[in-house]
Amino acid sequence: MTVGLLRMQIVTAAIKSEAAQEMRLSSLQLQILMDLLARHPVPQSTSLFVDRYAVARPTVSDSIATLAERRLVSKRSDKKDKRVVNVLLTAKGFRRATEMTDWANQLLESVTALPRAYQEALLSALIRIIGDFTARAIIGVDRMCVTCKHFDRNRRLGMPKAHYCKALKIALGDADLRLDCNTYEMGKKALKLLSMR
Ligand code: SF4
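Chemist: Quick question: what am I supposed to make of the overall build of the protein chain here?
Modeler: Of the regular secondary structure elements, the protein chain holds 8 helices and 6 strands. Counting from the amino terminus, the protein chain carries its helices and strands in the arrangement α-α-β-α-α-β-β-α-α-α-β-β-β-α. In the protein chain, buried positions account for 20% of the 197 residues. Partitioning the intrachain contacts of the protein chain with sequence separation of at least 6 by distance along the chain shows that 54% fall at a separation of at least 24.

Chemist: How do you make sense of the packing of helix H2 (residues 27-39) against helix H4 (residues 57-69) when you look at a structure like this?
Modeler: Two measures define how a pair of helices packs: the angle their axes make with one another and the distance between the axes. Running from amino to carboxyl end, H2 crosses H4 at an angle of 75°, the nearest separation of the two axes being 10 Å. Comparing the axis directions of H2 and H4 gives the class roughly perpendicular. Every residue of H4 that contacts H2 at Leu28, Gln29, Ile32 and Leu33 is listed here: Thr59, Ser63, Ile64, Thr66 and Leu67.

Chemist: Which parts of the structure should I look at to understand the sheet that holds strand E1 (residues 44-45)?
Modeler: In sheet architecture, strand pairing relies on hydrogen bonds along the backbone and comes in two forms, parallel and antiparallel. Reading across the sheet, the 3 strands line up as E1-E3-E2 and stay open at both edges, with antiparallel pairing between neighbours. Pairing within the sheet leaves two strands with one partner each, and these edge strands are E1 and strand E2 (73-77).

Chemist: Would you mind going over the sheet that holds strand E5 (residues 163-165) with me for this structure?
Modeler: The 3 strands are arranged E4-E5-E6 in an open sheet whose pairing can be described as antiparallel. Two strands close off the open sheet at either side, each with one partner strand: strand E4 (151-152) and strand E6 (170-172). Inspection of the sheet shows E4 paired to E5 by 2 bridges, in the antiparallel sense. Within E5, the residue paired with Phe151 across the bridge is Cys165.

Chemist: Explain the pairing of strand E3 (residues 85-89) to me, please; I cannot follow it from the model alone.
Modeler: Along any regular strand the residues' side chains alternate between the sheet's two faces. Across 2 bridges, the pairing between E1 and E3 is antiparallel. The partner of Gln44 across the bridge, within E3, is Val87. Sheet topology note: the E2/E3 ladder contains 5 bridges and is antiparallel. The partner of Lys75 across the bridge, within E3, is Val87.

Chemist: Before we go on, may I ask you to explain the nonpolar core in this structure?
Modeler: Taken as a class, soluble globular proteins show a tendency for nonpolar side chains to be buried jointly. Grouped together as the largest cluster of nonpolar side chains are 15 residues, with contacts concentrated most on Ile32, Leu33, Leu36, Ile64, Leu67, Val73 and Ala97. Per element, the largest residue contribution to this core is 4 residues, and it comes from H2. Cys145, Val146, Cys165 and Leu177 belong to the second-largest nonpolar core, a separate cluster that totals 8 residues.

Calculation notes
Residues numbered from 1 in each chain as written. Predicted model: local features only at pLDDT ≥ 70, side-chain atom pairs only at ≥ 80, totals over all residues. Helix = DSSP H or I, 4+ residues; strand = E, 2+ residues; numbered from the N terminus. Buried ≥ 20, exposed ≤ 12 C-beta atoms within 10 Å, placed from the backbone. Contact = placed C-beta atoms within 7 Å. Axes fitted to C-alpha atoms, helices over the stretch in contact; angles between N-to-C directions. Parallel < 35°, antiparallel > 145°, perpendicular 65-115°, else oblique. Pairing = 2+ DSSP bridges. Core = buried A, V, L, I, M, F, W, Y, C linked by C-beta atoms within 7 Å.

Function cannot be inferred from these measures alone, as they are strictly geometric.
Below you can see the structure in the form of structure tokens.
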């Protein structure tokens with residue numbers, strides 16, 4: 001198992017670093033571009049990245065400043081609160097970020113070739129691992145069900161979809177749990193983790 005995980009880590013790191021090296025980007029800068037691409041064209045507050053990556057705010061600000069210098073992102077003040085800085089991909093940033101998703105597509109190709117039951121088991125395992133990493137403050141609190149205040153774990157215990165989302169009013173099985181949900185609101189447990197940093 002350890003060897004398998006290390007092997008996967010080496011493969012993904014190699015694919016990612018190839019893309020990052022080509023554009024001379026750090027891992028954090030690359031991750032920011034990928035997150036902005038996933039939410040494009042909605043501008044994102046810099047706080048999102050601080051929460052997601054469990055890194056200090058100045059580190060995120062430096063990375064965003066570098067991306068802005070390279071004209072990959074643009075920064076603008078929030079209309080409601082001038083102290084909040086929002087970030088958006090430029091046309092150049094969108095083009096380059098889309099090109100870089102090739103590495104993710106290569107992984108996705110292998111995963112979608114798996115039988116359906118394996119895919120569901122893989123998603124379920126990934127969610128549990130990310131949830132555990134979040135609980136141990138190894139990575140930042142994400143917009144995922146297991147740290148969301150609307151998540152009611154095992155409310156329907158014994159049913160095929162045992163969990164429940166109180167905001168969307170839907171039953172959720174392990175394979176339905178979300179990793180990046182627009183309706184997400186941070187739960188108390190997640191807030192506690194943030195205050196420990
Ligand atoms: S709002 Fe989204 S993240 Fe929260 S429990 Fe419902 S589906 Fe999951």
